[in-house]
Every structure is written in structure tokens, then in C-alpha cells.
Amino acid sequence: MNISSLLKVALALAVLFSSATAALAQGKTKLLWLGQASWRIESPGGKVIVIDPWLTAGPKAPAEYKDLAKLGKVDLLLVTHAHVDHIGDAPAIAKMYKTKLHGPADMVTPLIFLGVLPAELSFRINKSGHVTPLEGITVTAVKAEHSSMYVFNNPATSKPEAHVAGEAMGYIIQMENGFKIWHMGDTGLFPDMQFIAEHYKPDLVLMPIGGNFTMDPLDAAFAARTWVKSKNVIPMHYGANPLTAGKPEDFVNAMKGSSSKVTVMTEGQTVEF
């Protein structure tokens, strides 16, 4: 092949790469709400991210997804903390899809020692930890004001055991095209929400509003209006437990006058950004 032909091939490849990059930049991020704090997110590049999958036992999880195989594929698995409505089916999903469970360092370690999760299917991360688990996808662990405990049903004694499981956290997830999602996990109010919002500049915040264990609608709206001020907010973590009785309509009313767009979803619904 002569130099002229090589130049033509190089130019053609450059055009293809440019077109693919432009298409990716214009691509959409798809979010499927699976109830509580559980999400299946599909990136513009087609990668599937699953967060806090409380599905088989989740009272609000769509019936279809009680079958974990219906997730299709899982390229990245994130867990914010060890409470059952967040860790849920994560170990089973990690084994089924041969996908590493990414989670708080001191939550993942007990899972390994207890035999719940093989070491090769685990990844330990801590607050401010910044990783690139998939090409074009970055994840940063951030603070959440909450607790974390893992309940282990010991097969040797047939009794449940409570194990300290590190500290809860949230995640900033950046897609291939730069779109950023802040999954807050479970959290109460804390003023560093303002710092996180200003530093990472999330385009979308998934915010708990249920109350009792997390912010209620009024506290969540205060944080969203005063500190976070993101373009988009979706309320989550309500209605799956009698103790998380916060109502999305109260959150919407408390958000009046804010520049943030609030999207209220139903379990099983998909939205695109």
C-alpha cells in the first residue's frame, strides 16, 4: 500500500471516529427506576450500571425484575451501603453477571470474610475515591450522612448476625458524554452537599425523600433549592416502607420557585436525559 492509500485510510478512520464521537456526545442516558434507591442506568455508549438493587424482596420492585436475569446485562454494580434495601441482591447479581460489586471499603471486606462475595468479584472504594471502572465511565464516591450495617444469616447457627459495615456513601457517575448523575444513597442533610454540587456539578440528582431514615420532602427540597441547585432532580426512597412515608407531591410543592426540574417517576418507568 502506497503513502496515498495509507493517507486515505487514515482519513476515513478519522472521519468514522469523529462521527462516532459526535453521536456519543448526542446520546441519551436512560434511567429505569426499580423502586426505593434501585436503578438500572444505560449510558450513551450502551453500558449498563445497576445501583442498590433491592429487587427479589423489594415490595416496590417491578414484578419483571424479580427475575434478576431480566436486567439483561450488568457492566457496573454499585452499592451505597449495607442496609438490606440497598445491598439487596447485589452479591447474587455480581455472581450471576461476573461483575465486580463496587462499594464502601469497610462494607466489602466483611462480605468477603463472611463468604458472601468472592474477593475477585469485589472492589473497595472510599469517599473521594475516583475510579474508571469502564471505558468512558468514571465514578467518584462522596459523603452521605447515614449509617451502615450488614445482617448476615449464619448458616452454621441459623441465626441472624449484625455486622458493622463501614460508612454509607453516594456516587457521582459521569457518562461517556460528560453527563453526571449524583446518586445520593441514603442521607440526611449535611452542608457539604453544597461543596459536592459546586465541585462536581451534577446534571441530575437522585435524592431520597422518604423521611425517618433519610431526608423528608421538606428537608430534601431545602437541600435541592439552597445547596444543590442541579438542573434535574428525581425523588426516590419513599413508599416502600411504612417508615418512609414522604410523598413526592410534598417535595414538588416545596420545590416551587426553584430552577431545578423535578421529575416524579413510578417504579418501572424509564426516563432519558
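Quick notes on the rules
Residues numbered from 1 in each chain as written. Predicted model: local features only at pLDDT ≥ 70, side-chain atom pairs only at ≥ 80, totals over all residues. Heavy atoms only, no water. Buried < 20%, exposed > 50% of the residue type's maximum accessible area, 1.4 Å probe, protein only. Helix = DSSP H or I, 4+ residues; strand = E, 2+ residues; numbered from the N terminus. Arc of directions from axis to C-beta. Contact = heavy atoms within 4.5 Å. Pairing = 2+ DSSP bridges. Salt bridge = Lys/Arg side-chain N within 4 Å of Asp/Glu carboxyl O.

Student: Quick one: what's the story with helix 5 (residues 192-200), residue by residue and with numbers?
Tutor: Taken together, the buried positions of helix 5 are Met-193, Ile-196, Ala-197 and Tyr-200. Down the axis of helix 5, the buried set is contained in an arc of 95°. They therefore lie on one face. Where the residues of helix 5 are buried, they touch strand 8 (137-143), strand 11 (169-174), strand 12 (180-183) and helix 6 (217-228). Positioned one or two residues after helix 5, Lys-201 has a phi angle of 55°, which is positive.

Student: Account for the pairing of strand 11, naming residues and giving values.
Tutor: Taken across its 6 residues, strand 11 has 5 buried, putting it largely inside the fold. Inspection of the sheet shows strand 8 paired to strand 11 by 6 bridges, in the antiparallel sense. Bridging across to strand 11, Lys-143 finds its partner in Met-169. Pairing between strand 11 and strand 12: 4 bridges, direction antiparallel. When the sheet's bridge partners are listed, Gln-174 is paired in strand 12 with Lys-180.

Student: Tell me about unusual backbone geometry, and name the residues and values.
Tutor: One non-glycine residue with positive phi stands out, namely Ser-128, at about 80°. Here Ser-128 shows up in the loop between strand 6 (122-125) and strand 7 (130-134). By relative accessible area, which is 58% here, Ser-128 ends up exposed. The backbone of Asn-212 sits at a positive phi, close to 70°, despite the residue not being glycine. Mapped onto the fold, Asn-212 is located in the loop between strand 13 (204-208) and helix 6. Since its relative accessible area comes to 56%, Asn-212 is described here as exposed.

Student: Quick one: what's the story with the pattern of salt bridges, residue by residue and with numbers?
Tutor: By the definition in use, this model includes 6 salt bridges. A salt bridge links Asp-75 to Lys-73; its shortest N-O distance comes to 3.4 Å. Of the residues examined, Asp-75 reaches a relative accessible area of 28% and is grouped as partly exposed. When the shortest N-O distance is used, the salt bridge between Lys-127 and Glu-167 registers 2.3 Å. Of this pair, Lys-127 sits in the loop between strand 6 and strand 7 while Glu-167 sits in the loop between strand 10 (159-164) and strand 11, and the two are 40 residues apart along the sequence. When its relative accessible area of 29% is taken as the criterion, Lys-127 is described as partly exposed.

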